[in-house]
Amino acid sequence: MENIVGRIEREVGSWDGVITHAHRFGGIEFRLGRREIGHLHGERWADLPFHRRVRDMLIETGRAQPHHVLPHTGWVSKQIRGEEDVREVIELFRLSYERARVAQNVRASHGE
């Protein structure tokens, strides 16, 4: 049976353009081009970057919490307590991925 990290890595890593590698503070990092869309710290935490407005909405709606180390940034954390949190973590990665795709497309349309 596949563990939590394996399920998340398989799903997020299957999205077009996403690459995975070791995160500098341990765990697995997911990138779209040069942009990090988030990372996992084992089976306990997912950390994802967002603009402040999105971050605030995610926290206000209970989908995430302020980053567990850098609470005053745009980063959010999602604690993974068990299998029941996997779907929500993948949804957060999908949101980060979609935002990164839009930014990538905007840069491409401006010839960057």
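I will try to describe carefully the structure that is included in this document. (Residues numbered from 1 in each chain as written. Predicted model: local features only at pLDDT ≥ 70, side-chain atom pairs only at ≥ 80, totals over all residues. Heavy atoms only, no water.)

### With respect to helix H3 (residues 86–109)
Residues three or four positions apart in an α-helix share a direction because the helix packs 3.6 residues into each turn. In a regular helix each residue adds 1.5 Å, so 24 residues correspond to 34 Å; H3 covers 34 Å between its end C-alpha atoms and thus fits that length. Where H3 is concerned, the buried positions are Val86, Val89, Ile90, Leu92, Phe93, Ser96, Tyr97 and Ala100. Phi turns positive one or two residues past the end of H3, at glycine 111, with a value near 75°. (Helix = DSSP H or I, 4+ residues; strand = E, 2+ residues; numbered from the N terminus. Expected span 1.5 Å × (residues − 1). Buried < 20%, exposed > 50% of the residue type's maximum accessible area, 1.4 Å probe, protein only.)

### Here's the deal with the pairing of strand E4 (residues 45–49)
With 4 of 5 residues buried, E4 lies mostly within the body of the structure. Relative to E4, strand E3 (residues 35–41) is paired through 3 bridges, and the arrangement is antiparallel. By the bridge assignment, histidine 39 is partnered in E4 with aspartate 47. In this structure, the hairpin formed by E3 and E4 is closed by a connection of 3 residues, where glycine 42 is found at a positive phi of approximately 60°. Bridge count between E4 and strand E6 (residues 75–79): 5 bridges; the pairing is antiparallel. Note on E6: the bridge partner recorded for alanine 46 is lysine 78. (Pairing = 2+ DSSP bridges.)

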